[in-house]
Amino acid sequence: MKQLMITIRPSKYYELRDALIAKGFNSMSVKDVLGRGKNAVDFEAVATVSGKNMAHYSHPMISKKLIEIFARDEDCEKIIETVLSIAKTDTPGDGKIFVIPVSSALRIRTGEKDVNAIM
């Protein structure tokens with residue numbers, strides 16, 4: 001079993017969610033998170049009500065979606081391919097995928113263990 005931690009642009013979330021569900025990956029947890037990569041994020045913001053004056057701000061964090069999926073080892077590549085096909089824009093800020101080994105799982109309601117607990 002593996003845990004996939006997938007950070008993506010919020011604008012890609014609904015399309016990715018629908019694609020994962022269409023491929024049978026219905027179980028996921030989703031969180032709104034703030035983060036950054038190796039470079040600081042620069043953005044321009046309107047500094048006046050009229051909108052004529054612009055100020056340049058450097059902000060340390062930007063909004064992302066974090067999707068967590070627990071999957072069988074054999075499903076990880078299919079999930080990764082789906083994420084890449086939707087979330088990759090070839091520009092900084094596309095996100096990251098972390099694949100983490102899971103040694104055990106237990107479904108509290110039924111007592112099912114390991115792969116049976118996530119399927």
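Please refer to the structure higher up on the page.
Residues numbered from 1 in each chain as written. Predicted model: local features only at pLDDT ≥ 70, side-chain atom pairs only at ≥ 80, totals over all residues. Heavy atoms only, no water.

Draft legend 1. Highlighting the sheet that holds strand β1 (residues 2-8). Within the open sheet, the four strands sit side by side as β2-β5-β1-β6. Their pairing is antiparallel. If you trace the sheet from one side to the other, it starts and ends with β2 (29-35) and β6 (95-101), each paired once. Recorded for the sheet is a direction-independent mean angle of 20 degrees between the axes of neighbouring strands. Pairing between β1 and strand β5 (residues 62-71): seven bridges, direction antiparallel. What sits directly across from Ile6, in β5, is Ile67. Against the sheet, helix α1 (residues 13-22) engages β1, β2 and β5, with an angle of about 10 degrees to β5. Running at roughly 5 degrees to β1, helix α2 (residues 76-87) makes contact with β1, β5 and β6 of the sheet. (Pairing = 2+ DSSP bridges. Helix = DSSP H or I, 4+ residues; strand = E, 2+ residues; numbered from the N terminus. Axes fitted to C-alpha atoms, helices over the stretch in contact; angles between N-to-C directions. Contact = heavy atoms within 4.5 Å.)

Draft legend 2. Local environment of the packing of aromatic side chains. Applying the stated criterion across every chain, the model contains one aromatic pair. Relative to Tyr14, the ring of Tyr13 has its centre 4.9 Å away and its plane inclined at 65 degrees; by these criteria the two rings are edge-to-face. The residue whose ring lies beneath Lys65 is Tyr13, and the NZ or CZ to ring-centre distance is 5.1 Å. (Phe/Tyr/Trp six-rings, centres within 6.5 Å; stacked < 30°, edge-to-face > 60°. Lys NZ or Arg CZ within 6 Å of the ring centre and 35° of its normal.)

Draft legend 3. Geometry of the packing of α1 against α2. Packing of α1 against α2 brings their axes to within 10 Å, and their N-to-C directions diverge by 150 degrees. When you trace α1 past α2, the crossing you get is right-handed. Note on element contacts: α2 touches α1 through Ile79, Thr82, Val83 and Ile86, opposite Glu15, Leu16, Ala19 and Leu20. Here the contact of α1 with α2 is built from residues that sort into six nonpolar, one polar and one charged. (Left-handed = near helix turned anticlockwise from the far one by under 90°. Nonpolar A, V, L, I, M, F, W, Y, C, P; charged D, E, K, R; others polar.)

So yeah, pure geometry; function would need other evidence.
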